[in-house]
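Observations on the three-dimensional arrangement
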Number of protein chains: 2
Amino acid sequence: MHIFYTPDINLETYILSEEESKHCIKVLRLDSGSLLYLVDGNGGFYDAIIEDPHPKRTKLKILGKVENFGKRNHYLHIAIAPTKNIERVEWFLEKATEIGIDEITPIICDRSERKEIKTERLNKVITSAIKQSIKAYHPKLNEAVRFNDLITQNANTQKFIAHCMDGGKVTIKELLIPNSNYLIVIGPEGDFTLEEVEAAVNNNFIPVSLGDSRLRTETAALEACFEINFLNR
Amino acid sequence: MHIFYTPDINLETYILSEEESKHCIKVLRLDSGSLLYLVDGNGGFYDAIIEDPHPKRTKLKILGKVENFGKRNHYLHIAIAPTKNIERVEWFLEKATEIGIDEITPIICDRSERKEIKTERLNKVITSAIKQSIKAYHPKLNEAVRFNDLITQNANTQKFIAHCMDGGKVTIKELLIPNSNYLIVIGPEGDFTLEEVEAAVNNNFIPVSLGDSRLRTETAALEACFEINFLNR
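Because the structure is predicted, anything quoted here is derived from the model rather than measured.

Considering all chains together, one arrives at 30 salt bridges over all chains under this definition. Note that Glu51(A) and Lys59(A) form a salt bridge whose closest N and O atoms lie 3.6 Å from each other. Classification of Glu51(A) by relative accessible area gives partly exposed; the value is 38%. Here Lys95(B) makes a salt bridge to Glu94(B), at a shortest N to O gap of 2.8 Å. Grouping residues by exposure puts Lys95(B) and Glu94(B) together as buried. When salt bridges that share partners are traced, they join Arg88(A), Arg216(A), Glu218(A), Glu94(B), Lys95(B) and Glu98(B) into one network.

It is worth spelling out the interface of chain B and chain A at this point. Quite often, the size of an interface is put as the accessible area lost when its parts meet. The interface of chain B with chain A comprises 27 residues on the first partner and 28 residues on the second. Carbon and sulfur atoms make up 52% of the surface buried where chain B meets chain A, a total of about 2,600 Å² over both sides. Looking only at chain B, the three residues that lose the most surface to chain A are Trp91(B), Arg214(B) and Phe230(B), adding up to 24% of its buried area. Between the two partners, chain B and chain A, sit 12 salt bridges. In this structure, the salt-bridge partner of Arg216(A) is Glu94(B), at a minimum N-O distance of 3.3 Å. Where chain B touches chain A, the interface holds 24 residue pairs in polar contact (both at pLDDT 80 or more). Counting only elements with at least two residues in the side of chain B that touches chain A, the list comes to helix 2 (86–99), helix 3 (119–132) and helix 7 (217–231) of chain B. Take the side of chain B that touches chain A: its biggest share by element is 8 residues, from helix 7 of chain B. Across the side of chain B that touches chain A, the residue classes tally to 9 nonpolar, 5 polar and 13 charged.

The next subject is the UniProt feature "domain: Ribosomal RNA small subunit methyltransferase E PUA-like" (unreviewed entry) in chain A. Under the local residue numbering, the UniProt record ascribes the feature "domain: Ribosomal RNA small subunit methyltransferase E PUA-like" (unreviewed entry) to residues 16–62 of chain A. The distance separating the terminal C-alpha atoms of residues 16–62 of chain A is 12 Å; by composition the span is 21% helix and 36% strand.

Moving on, we come to the sheet that holds strand 2 (residues 13–15) of chain B. All names here are of chain B. One open sheet accounts for 5 strands, arranged 1-3-4-5-2; its pairing is mixed. Edge strands, defined here as strands with exactly one partner in the open sheet, are strand 1 (3–5) and strand 2. Along the sheet, successive strands turn relative to each other by an average axial angle of 40 degrees, direction set aside. As judged from the 7 bridges shared by strand 4 (residues 45–52) and strand 5 (residues 59–66), these two strands associate in the antiparallel manner. Each residue of the ladder has a partner; that of Ala48, found in strand 5, is Ile62. Here helix 1 (residues 18–27) sits on the sheet in contact with strand 1, strand 3 (35–39) and strand 4, set at roughly 170 degrees to strand 1.

Here is what the cut-offs are and how they apply
- Residues numbered from 1 in each chain as written.
- Chains lettered and ligands numbered in written order.
- Predicted model: local features only at pLDDT ≥ 70, side-chain atom pairs only at ≥ 80, totals over all residues.
- Heavy atoms only, no water.
- Salt bridge = Lys/Arg side-chain N within 4 Å of Asp/Glu carboxyl O.
- Buried < 20%, exposed > 50% of the residue type's maximum accessible area, 1.4 Å probe, protein only.
- Contact = heavy atoms within 4.5 Å.
- Buried area = accessible area lost by both parts, 1.4 Å probe.
- Polar contact = N/O pair within 3.5 Å; in protein donor to acceptor, adjacent residues only side chain to side chain.
- Helix = DSSP H or I, 4+ residues; strand = E, 2+ residues; numbered from the N terminus.
- Nonpolar A, V, L, I, M, F, W, Y, C, P; charged D, E, K, R; others polar.
- UniProt positions renumbered as here; feature names shortened; annotations may be inferred.
- Pairing = 2+ DSSP bridges.
- Axes fitted to C-alpha atoms, helices over the stretch in contact; angles between N-to-C directions.

Structure, rendered in structure tokens:
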């Protein structure tokens, strides 16, 4: 099953980019009449056939479209402090895309060792994962923001903060309103500071526990992603 | 918090291996009287201090021991067909160790692209993950076995098979007996064959669904690990 990501699709024909054309014709060795599938990242899933197998500008004819393909019953936004080793963020993005996520915001915290992040490469990881796991919605990756800017944004969503300090935490299972919107913030390798947790609580974030294990940043983020998807099934 | 893995501990003193001694004295720069923690992989968690900070054979004095540290209320055995790219197996082992797993068996299936696996390096990944996530039990990694040999073993455990074919699947949530033993088998990148699924069913494995997403092998295994831990909380 050959899937291509075509966010700019809008007509009855479509010309694959030079890179995708090469992949289609030279690598996959598809030819005129071959069936393939397109996803537009916005819920559109298309059947198409190759009309002109040009190795640099392959022309496709769209046969049909399904809208809202695999539409999810909730909206999950995870804000995560990027790890020092960027591969751990990439792994999180791939896995979260497979399991189900809608929006990701890298956050810069007081104890963040990594203060900047290049989203272009990370977006490629997400695109590759939607093709691999046959998803028609492309999770939205925001540019990095400071923690305090994120938590003071108004949003009509359930807001959770996962930190490692003791005291007063409940589980997501106890709080979750099904079929709703969720924002969960995950701290850096050295955890949030007490001031950050207090600021989040003052902005209506609820401290939650993700179980008894001490989890790495990216594992905690994926655990949250698992839990919220699982509880919405 | 400095954790060392000391499976052969049995006295009131302990000599760290040359590699661990070097790490302790040269990298962490710990000295006489420094407090550190040892886990024996079998549930034992120890406080110790450095008695002799020798860079090749650091001598520790054991101060106290807690048994059954972090003992889990169930036993989870995942049998997984190793992925072509071994890094994906390593990621799974690290994450499953953090989240909670007791035993892992690599299985060789009809469609396995990878027919052999070196467990030594994989065991190091597990050891590193137990130290990082402060676990006193070391998950057991078995040598690879053929799928048919695994499924015909008698075991007093709930047995599940996660495959990608249509038809007749239920969720783990519907079936799971809490605080029990579980064995779940996860197929290779090209899925199990129909004959393998039938053979598993004939050996009392129940086909289960891990949700609507098409998951990679290692993501499916981690999803199963997450579900079984979550349902046992």
